[in-house]
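Chain residues, written in single-letter form:
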Amino acid sequence: MAFLKSSNKNESNSKNVAKERLKLVLIHDRAHVSSRFLDMIKGDIIRVISDYVEIDEEGLDIKFTRTRRESDDTPVPALIANIPIIKMKDRMMD
Amino acid sequence: MGEVIVITSGKGGVGKTTATANIGAGLAKLGKKVVVVDADIGLRNLDVVLGLENRIVYDIVDIVNKVCRLKQGLIKDKRYEGLFLLPAAQTKDKTAVSPKQMQQLCNDLKEHFDYVIVDSPAGIEQGFQNAIAGANRAIVITTPEISAVRDADRIIGLLEAKGLHDPLLIINRIRQEMVKRGDMMNIEDMIDILAIDLLGVIPDDEAIVISTNKGEPVVSDEVALSGQAFRNITKRILGEEVPLMDLDVDETILTKLRKLIFGK
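The sections below set out a description of the structure shown in this document. Keep in mind it's a predicted model, so treat the numbers as computed, not measured.

1. Here we look at the environment of B:Tyr58
All names here are of chain B.
(1) Moving on: One can find tyrosine 58 in the loop between α2 (46-50) and α3 (60-64).
(2) Moving on: A relative accessible area of 27% places tyrosine 58 in the partly exposed class.
(3) Moving on: Separated by 10 residues in sequence, tyrosine 58 and cysteine 68 have C-alpha atoms that sit 7.3 Å apart.
(4) Moving on: When sequence neighbours within four positions are dropped, the list of residues in contact with tyrosine 58 reads Val67, Cys68, Gln72, Gly73 and Pro87.

Given below as structure tokens:
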């Protein structure tokens, strides 16, 4: 029983999972961010970046999430984009 | 001139009607003149929770349509001096009353009562819009579940948009042993997320099921923890400062009993 108790203390408590999921979903709810809105951002980012580099559009991932501000560690909403680059475009070499 | 308080949640089944019945009865016990209004037209339930289902003659739609006078439509609760029920209509739907009519009704009731407690239907559609139309204050009720807290957050935003600022929070069905284990969000977690002031916490308590079965508000149960929780909430509504009760009491007694009986 002792090991059961100690495992309860860690971060994988189901209430922590609930809290994190809730925080995330509320960022979307409160900002009224729809998947269509994210798709629009995604489309525009692809269009701009594609002028300079060749990117893997399939692997592009963009999401609204929450991160901690460096100065005081308070949680703030963040837009995180993960853009895999295939290669730089020739015009960069000019 | 009285005050209109709407009790709402967004999500269904979190305890709006039970809270309305107990806050109404609790305020009446403390000598206030109270009317509880069932705004859940088509899904009437405040009458059965209060045990007054056999005494309904007129309902909210009759009053709004002037089929009867305001006083004729109110049911007097004989157990609580000063407590009245205005039942919802059961055969109509939410469109039977408009927000404007509801506002007028609340204004009329305010003239005769210290408190008008409105039980809102679940959802964010017209029934909800009706329920909040005449309110001066709002109480948001939630349970420690991700879905209920999410809906509460949405409701808080909608209340704010309608000019009902600073709603108060009731957290219902807390299970202290699960909170201790880390398997249920605690009070701080939910206040942290919803960022509104706490009015009270009600433990998950069999006494509520039993009292609802009988149609007797648990607020009159002197033994049940949930009864104490509702008495504290009513006092806080009246402006009294009451510390949060220790929810561990129940567990300690249970643990003691278990130890006594099972020896462990």
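That covers the picture; the talk isn't over yet.
2. Points about the nonpolar core
(1) Moving on: B:Ile23, B:Leu109 and B:Val118 are the most contacted members of the largest nonpolar core, which totals 93 residues.
(2) Moving on: Apart from residues lying up to four places away in sequence, B:Leu109 is in contact with B:Val35, B:Val37, B:Leu70, B:Leu74, B:Leu86 and B:Val116.
(3) Moving on: Within the second largest apolar cluster, 6 residues are counted, among which are A:Ile46, A:Val53, A:Leu60 and A:Ile62.

3. Details of the pattern of salt bridges
(1) Moving on: Summed over all chains, the structure comprises 14 salt bridges over all chains.
(2) Moving on: Residue A:Lys19 is joined to B:Asp192 by a salt bridge in which the shortest nitrogen-to-oxygen separation is 3.5 Å. Taken together, the residues A:Lys19 in helix α2 (residues 14-31) and B:Asp192 in helix α9 (residues 187-194) connect one chain to another.
(3) Moving on: Judged by relative accessible area, which is 47%, B:Asp192 ranks as partly exposed.
(4) Moving on: A salt bridge links B:Glu177 to B:Arg175; its shortest N-O distance comes to 3.4 Å.
(5) Moving on: Overall, B:Arg175 belongs to the partly exposed group, its relative accessible area being 34%.
(6) Moving on: One connected set of salt bridges, linked through shared partners, spans A:Lys15, A:Lys19, B:Asp189 and B:Asp192.

4. Quick look at helix α3 (residues 35-50) of chain A
All names here are of chain A.
(1) Moving on: Over its 16 residues, α3 extends 22 Å from the first C-alpha to the last, a length consistent with the 22 Å expected when each residue adds 1.5 Å.
(2) Moving on: Residues of α3 that are buried: Leu38, Ile41, Ile46 and Ser50. In an axial view of α3, the angular spread of the buried residues amounts to 150°, which keeps them on one side of the axis. Exposed and oriented more than 90 degrees from the buried face of α3 are Arg36 and Arg47.

5. A look at the sheet that holds strand β6 (residues 137-142) of chain B
Residues and elements named next belong to chain B.
(1) Moving on: If you walk across this open sheet you meet the 8 strands as β3-β4-β2-β5-β1-β6-β7-β8, and the pairing is mixed. Two strands close off the open sheet at either side, each with one partner strand: β3 (75-76) and β8 (197-203).
(2) Moving on: Pairing of strand β7 (residues 168-174) with β8, which is carried by 6 bridges, proceeds in the parallel orientation. The residue of β8 that forms the bridge with isoleucine 170 is glycine 200.
(3) Moving on: Against the sheet, helix α7 (residues 146-161) makes contact with β1 (3-8) and β6, and its axis sits at roughly 165° relative to β6, the strand it touches most.

6. Overview of unusual backbone geometry
Residue and element names in this part refer to chain B.
(1) Moving on: A positive phi angle, close to 50°, is found at aspartate 166, a residue other than glycine.
(2) Moving on: The residue aspartate 166 is located in the loop between α7 and β7 in this model.
(3) Moving on: Judged by relative accessible area, which is 67%, aspartate 166 ranks as exposed.

7. What to know about the pairing of β1(B)
For a regular strand, side chains alternate in direction, first toward one face of the sheet and then toward the other.
Residues and elements named next belong to chain B.
(1) Moving on: Within β1, 5 of the 6 residues are buried, which leaves the element mostly enclosed by the surrounding structure.
(2) Moving on: One ladder, built from 5 bridges, connects β1 with strand β5 (residues 115-119); its direction is parallel. Paired with valine 4 across the bridge in β5 is valine 116.
(3) Moving on: Where β1 meets β6, 4 bridges bridge the pair, whose relative direction is parallel. Bridging across to β6, isoleucine 5 finds its partner in arginine 137.

8. Observations regarding the interface of chain B and chain A
(1) Moving on: Every contact between the two is made by 15 residues of chain B and, on the other side, 14 residues of chain A.
(2) Moving on: Of the roughly 1,300 Å² buried between chain B and chain A on both sides combined, carbon and sulfur atoms contribute 56%.
(3) Moving on: In terms of surface lost to chain A, no three residues of chain B exceed B:Ile146, B:Arg150 and B:Ile193, which account for 40% of the buried area on that side.
(4) Moving on: Our count for the chain B to chain A interface comes out at 5 salt bridges.
(5) Moving on: Between B:Arg150 and A:Asp29 there is a salt bridge; the shortest N-O distance is 2.7 Å.
(6) Moving on: In this assembly, chain B and chain A are joined by 7 residue pairs in polar contact (both at pLDDT 80 or more).
(7) Moving on: It is α7(B) that provides the largest number of residues to the side of chain B that touches chain A, a total of 5 residues.
(8) Moving on: Looking at the side of chain B that touches chain A, its residues break down into 6 nonpolar, 2 polar and 7 charged.

What counts and what doesn't
- Residues numbered from 1 in each chain as written.
- Chains lettered and ligands numbered in written order.
- Predicted model: local features only at pLDDT ≥ 70, side-chain atom pairs only at ≥ 80, totals over all residues.
- Heavy atoms only, no water.
- Helix = DSSP H or I, 4+ residues; strand = E, 2+ residues; numbered from the N terminus.
- Buried < 20%, exposed > 50% of the residue type's maximum accessible area, 1.4 Å probe, protein only.
- Contact = heavy atoms within 4.5 Å.
- Core = buried A, V, L, I, M, F, W, Y, C linked by side-chain atoms within 4.5 Å.
- Salt bridge = Lys/Arg side-chain N within 4 Å of Asp/Glu carboxyl O.
- Expected span 1.5 Å × (residues − 1).
- Arc of directions from axis to C-beta.
- Pairing = 2+ DSSP bridges.
- Axes fitted to C-alpha atoms, helices over the stretch in contact; angles between N-to-C directions.
- Buried area = accessible area lost by both parts, 1.4 Å probe.
- Polar contact = N/O pair within 3.5 Å; in protein donor to acceptor, adjacent residues only side chain to side chain.
- Nonpolar A, V, L, I, M, F, W, Y, C, P; charged D, E, K, R; others polar.

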